[in-house]
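# Fold and contact review
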2 protein chains.
Amino acid sequence: MDGTNTFREKYDEYVNIVNNALDDCVATDDKPGSEIFNAMKYSLAAGGKRLRPVLALAVCDMLGGSRNDVLPFACAIEMIHTYSLIHDDLPAMDNDDYRRGMPSNHRVFGEAMAILAGDALLNRAYEVMISHIMKKEGDLRSFVRAMDVIAAGSGAEGMIRGQTLDISYEGRELSGETLEYMHRCKTGALIRAAVLAGACIGGASEQGYEALAEYAENIGLAFQIKDDIMDVEGSLDRMGKTSGKDAVSGKNTYVSVHGLEKAVQLLDGSVSTAVEALGCFGEKAGFLRDLAFFIKERDN
Amino acid sequence: MDGTNTFREKYDEYVNIVNNALDDCVATDDKPGSEIFNAMKYSLAAGGKRLRPVLALAVCDMLGGSRNDVLPFACAIEMIHTYSLIHDDLPAMDNDDYRRGMPSNHRVFGEAMAILAGDALLNRAYEVMISHIMKKEGDLRSFVRAMDVIAAGSGAEGMIRGQTLDISYEGRELSGETLEYMHRCKTGALIRAAVLAGACIGGASEQGYEALAEYAENIGLAFQIKDDIMDVEGSLDRMGKTSGKDAVSGKNTYVSVHGLEKAVQLLDGSVSTAVEALGCFGEKAGFLRDLAFFIKERDN
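A quick note: this is a predicted structure, and the numbers were derived from the prediction, not measured.

## Focus: the interface of chain B and chain A
Of the residues lining the interface, 46 residues belong to chain B; the matching set on chain A comes to 46 residues. Mapped onto the side of chain B that touches chain A, the elements with two or more residues apiece are α2 (35-44), α6 (111-135), α7 (141-154), α8 (159-168) and α9 (176-202) of chain B. It is α6 of chain B that contributes the most residues to the side of chain B that touches chain A, 16 residues altogether. In terms of residue class, the side of chain B that touches chain A is built from 27 nonpolar, ten polar and nine charged.

Pasting the structure below:
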């Protein structure tokens with residue numbers, strides 16, 4: 001990749017690679033019942049920042065790993081992220097009619113199909129990873145390890161734990177500690193899995209792996225804090241004031257628990273810590289460093 | 001295992017092994033949000049016949065494979081089966097208040113938690129398989145292959161395809177051909193995956209693998225036809241008559257499409273074909289042979 005590329009160009013290049021690969025992950029067929037693929041593709045194609053797969057690709061690139069080998073794992077993570085959004089939007093969960101400016105999955109395909117499309121995307125994530133491993137010769141361990149990291153980050157001790165907490169604590173006050181645990185699970189676990197899957201496929205040293213874990217946890221936190229800040233700034237714009245709890249959703253956020261000023265400090269702190277963690281990689285970590293600042297500066 | 005054991009004793013022994021292992025698959029912790037494990041355990045412990053994990057264990061046993069190695073895969077299949085029942089019972093799907101004589105998952109834990117518990121069981125199935133593989137030394141290929149078979153049977157070209165068809169065709173007439181395709185996906189794919197996962201871990205020869213695939217497809221069909229016959233006999237008992245379409249659920253069944261007499265013939269035929277397929281295993285296949293007859297004779 002050309003060293004003179006700006007961060008944004010490089011990011012967009014990764015996104016293009018991911019989008020093309022995702023298209024191939026959910027190929028339809030002409031047998032009865034293939035409409036399930038339409039529902040899966042609808043949400044998968046709806047875009048978003050592709051932050052998680054970009055992270056996996058960028059980490060593997062930095063370590064000199066194979067693009068072809070990391071791509072199925074990057075796509076799997078995005079499929080897992082997408083399924084969680086489909087299920088989160090369901091009437092029984094957050095009851096959101098829109099996602100990324102488009103009608104949510106169940107508004108288009110009905111609730112039953114949306115439940116199945118989410119299930120199918122989660123399962124397909126594993127199908128895609130396993131199929132890739134089945135094609136490899138020689139030692140499969142680093143691939144199985146990448147899958148292990150992704151599975152742990154997605155489950156009842158990772159992302160789903162965070163969703164459980166989100167539901168359990170809705171409308172109740174949350175301590176700063178529990179809030180951080182919730183977000184470490186809900187958003188952080190999958191971001192961490194993306195970085196560490198890239199590290200496994202890229203063949204990171206033990207020291208490099210630990211450094212990347214530190215980086216991942218801190219950009220995960222930064223991502224969530226920034227989200228909360230944007231939410232409250234959005235509602236300030238709309239209403240000219242905000243309450244102690246998030247005024248729009250009634251959910252616990254970094255701003256509702258710590259106040260806006262402290263939340264901005266926490267954001268700055270986690271971005272600094274993330275960038276410091278990359279020290280051992282020197283100049284090769286330029287893109288990941290820029291990405292940490294991008295998470296802080298982004299406006300959507 | 002003692003050769004003089006009756007079929008039923010051997011079956012129950014397998015069930016005990018599976019139940020104990022399933023308990024360990026969903027161990028709770030004391031961190032916030034651990035209530036997700038209660039919802040997962042509730043449905044997992046609700047029992048049922050454990051047909052799929054018993055099949056995986058029995059096939060691996062017959063081939064002289066390791067009980068310890070097949071068990072995580074057997075449990076994974078039961079977790080996948082269980083998650084599909086939780087999601088099937090949801091109001092947006094079949095809207096069933098009871099499952100196996102107990103209140104369905106969402107009636108106890110609420111819809112949001114039931115959706116998450118299903119997701120978490122599906123993900124945990126992969127976590128359990130992958131964790132086991134990570135512990136193994138040497139060549140991992142046969143384990144990855146077992147997982148590949150399970151993933152394919154569970155997804156949008158397997159079980160979930162069948163659920164999609166079930167929803168799409170509800171209230172519409174179905175050809176015999178499409179009905180068979182639906183059931184090959186909905187029930188057959190996971191039964192097949194159980195048998196073939198046992199075959200992979202047990203180290204089946206290519207010929208043995210093909211024979212077991214033939215066995216699996218035919219007991220899968222037999223299982224579904226018998227279910228449909230029991231349904232219609234149940235409703236005959238209650239109402240003294242039945243209509244062309246299944247009188248209770250409005251769903252397409254073997255009896256509604258072919259009539260009761262033809263359905264019984266199809267059941268007999270598939271059990272015979274299943275038993276014939278086991279010929280190459282000789283006396284070692286006694287349990288699997290008995291199991292095919294058990295599927296035909298069972299009354300629940």
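Picking up after the structure, the text goes on.
## Here's the deal with the relation of the copies chain B and chain A
Superposing the two chain copies requires a rotation about an axis and a translation along that axis. Take chain B, turn it by 180°, move it 0.0 Å along the axis, and it overlays chain A with an RMSD of 0.0 Å. Such a combination of turn and shift is consistent with a two-fold rotation axis. Mapped onto chain A, 100% of the interface residues of chain B again fall at the interface, so both copies present the same surface.

## Describing helix α7 (residues 141-154) of chain A
Every α-helical turn comprises 3.6 residues, leaving residues that sit three or four positions apart pointing alike. Its 14 residues place the ends of α7 of chain A 20 Å apart at the C-alpha level, agreeing with the 20 Å of an ideal helix rising 1.5 Å per residue. Burial runs high along α7 of chain A: eleven of the 14 residues are buried. Those residues of α7 of chain A that sit buried are F143, V144, A146, M147, D148, V149, I150, A151, A152, G153 and S154 of chain A. Check the buried side of α7 of chain A and you find it contacts α4 (67-89), α6 (111-135), α8 (159-168) and α9 (176-202) of chain A together with α6 of chain B.

## Let's talk about the environment of D166 of chain A
Considering the arrangement of structural elements, one finds D166 of chain A in helix α8. Residues within four places of D166 of chain A in sequence aside, it is in contact with M182 and K186 of chain A.

## As for the confidence of the model for chain A
Residue and element names in this part refer to chain A. Model confidence for chain A is summarised by a mean pLDDT of 92, while 93% of its residues fall at 70 or above. Contacts from residues 240-248, a stretch scored under 50 in pLDDT, to residues over four places away or in other chains number 17 contacts. Scoring the predicted complex yields pTM 0.94 and, for the interface, ipTM 0.94.

Conventions adopted
- Residues numbered from 1 in each chain as written.
- Chains lettered and ligands numbered in written order.
- Predicted model: local features only at pLDDT ≥ 70, side-chain atom pairs only at ≥ 80, totals over all residues.
- Contact = placed C-beta atoms within 7 Å.
- Helix = DSSP H or I, 4+ residues; strand = E, 2+ residues; numbered from the N terminus.
- Nonpolar A, V, L, I, M, F, W, Y, C, P; charged D, E, K, R; others polar.
- Least-squares fit on C-alpha atoms with pLDDT ≥ 70 in both.
- Expected span 1.5 Å × (residues − 1).
- Buried ≥ 20, exposed ≤ 12 C-beta atoms within 10 Å, placed from the backbone.
- pLDDT = per-residue confidence, 0-100.

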